[in-house]
Amino acid sequence: NAGVIQTPRHKVTGKGQEATLWCEPISGHSAVFWYRQTIVQGLEFLTYFRNQAPIDDSGMPKERFSAQMPNQSHSTLKIQSTQPQDSAVYLCASSLVSNERLFFGHGTKLSVL
Amino acid sequence: GDSVTQTEGQVTVSESKSLIINCTYSATSIGYPNLFWYVRYPGEGLQLLLKVITAGQKGSSRGFEATYNKEATSFHLQKASVQESDSAVYYCALSPNYGSSGNKLIFGIGTLLSVKP
């Protein structure tokens with residue numbers, strides 16, 4: 001079991017460019033979560049899928065951010081027109097069923113210059 | 001909304017001494033939230049340390065304990081004798097116990113524990 005896999009580990013983009021972050025949950029896990037971590041805000045919930053369906057996206061910024069889960073083996077977080085304030089570590093997590101423990105990936109560190 | 005407060009950003013303790021990391025929460029859900037401690041060891045991903053879903057109960061793991069105190073809305077993490085290998089960042093978290101958001105974790109800011117040899 002390789003755990004939750006996030007790629008790339010580091011991504012550098014220029015202001016205004018698009019960034020796509022990938023997450024491969026643990027096989028068989030039905031829930032996938034995205035979080036953002038910064039020094040100032042700490043760990044912030046972004047969005048959550050269950051059985052590939054979006055359940056709660058209350059933490060997603062209304063503009064420029066979108067998340068998809070086209071199949072059970074991966075999810076993507078896309079940020080359009082990246083801004084310096086988007087710089088953060090983006091964490092993906094998965095869990096087997098509702099209210100079970102979350103398994104986190106190592107995260108993708110996004111740096112927007 | 002729901003929130004978790006950790007008052008110490010960093011704690012330094014000598015090896016074999018006792019530890020307490022404070023955590024309080026605020027929950028607006030109808031039922032009581034589930035409470036967690038997650039830990040990130042150097043070079044590793046965030047992982048569950050312990051979980052308690054029933055008010056009044058105690059959770060324990062790796063020598064750490066935390067008691068769900070609904071009156072004080074607290075979930076402090078304690079250990080009687082820390083080791084250097086306990087050096088890590090510790091996060092208190094809750095999940096609202098209602099509706100479709102029941103699985104969403106809300107985290108505190110984290111507390112960096114440094115254990116001196």
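Values in this document were obtained by computation on a predicted structure and should not be read as measured data. (Residues numbered from 1 in each chain as written. Chains lettered and ligands numbered in written order. Predicted model: local features only at pLDDT ≥ 70, side-chain atom pairs only at ≥ 80, totals over all residues. Heavy atoms only, no water.)

**Focus on the state of the cysteines**
The final tally for this structure, using the stated rule, is 2 disulfides over all chains. Two residues, A:Cys23 and A:Cys92, share a disulfide whose sulfurs are 1.9 Å apart. Its S-S torsion of about -65 degrees marks the bond between A:Cys23 and A:Cys92 as left-handed, since a negative value means left-handed. Placement of the pair is A:Cys23 in strand S3 (residues 19-24) and A:Cys92 in strand S9 (residues 88-95), with a sequence separation of 69 residues. Here the two residues A:Cys23 and A:Cys92 agree in accessibility, since each one is buried. The disulfide partner of B:Cys23 is B:Cys92, and the S-S distance across this bridge is 1.9 Å. With the S-S bond torsion at -65 degrees, the cross-link from B:Cys23 to B:Cys92 turns out left-handed. Here B:Cys23, found in the loop between strand S3 (19-21) and strand S4 (24-26), pairs with B:Cys92, found in strand S10 (residues 88-95); they are 69 residues apart in sequence, far enough to count as distant. On the basis of relative accessible area, B:Cys92 is assigned to the buried category, the value being 1%. (Disulfide = S-S within 2.5 Å. Helix = DSSP H or I, 4+ residues; strand = E, 2+ residues; numbered from the N terminus. Buried < 20%, exposed > 50% of the residue type's maximum accessible area, 1.4 Å probe, protein only.)

**A closer look at the packing of aromatic side chains**
The way to describe two aromatic rings as a pair is by their centre distance and the angle between their planes. Under the counting rule described, the total for this entry stands at 12 aromatic pairs over all chains. Both rings, one in A:Phe33 and one in A:Tyr48, keep their centres 4.5 Å apart while their planes meet at 10 degrees; by these two values the pair is stacked. Of this pair, A:Phe33 sits in strand S4 (residues 31-38) while A:Tyr48 sits in strand S5 (residues 42-50); the two residues are 15 residues apart in sequence, bridging distant segments of the chain. For the pair formed by A:Phe33 and A:Tyr48, the shared burial category is buried. With centroids separated by 6.1 Å and ring planes inclined at 40 degrees, the aromatic side chains of B:Phe36 and B:Tyr38 adopt a geometry described as tilted. Here B:Phe36 and B:Tyr38 have matching classes, each one buried. Grouped by ring-pair contacts, the aromatic residues A:Tyr35, A:Phe45, A:Phe104, B:Phe36, B:Tyr38, B:Tyr91 and B:Phe107 constitute a single cluster. (Phe/Tyr/Trp six-rings, centres within 6.5 Å; stacked < 30°, edge-to-face > 60°.)

**Some words on the interface of chain B and chain A**
The interface of chain B with chain A comprises 18 residues on the first partner and 26 residues on the second. In total, chain B and chain A occlude about 1700 Å² of area from one another, counting both sides; carbon and sulfur atoms represent 49% of this. If you look at where chain B meets chain A, you find 1 salt bridge. One salt bridge connects A:Asp56 with B:Lys104, and the closest N-O pair in it is separated by 3.3 Å. Here chain B and chain A share 6 residue pairs in polar contact (both at pLDDT 80 or more) between them. Counting residues per element, the ones that place at least two in the side of chain B that touches chain A are strand S5 (34-40) and strand S6 (47-52) of chain B. (Contact = heavy atoms within 4.5 Å. Buried area = accessible area lost by both parts, 1.4 Å probe. Salt bridge = Lys/Arg side-chain N within 4 Å of Asp/Glu carboxyl O. Polar contact = N/O pair within 3.5 Å; in protein donor to acceptor, adjacent residues only side chain to side chain.)

Honestly, it's all geometry; don't read function into it.
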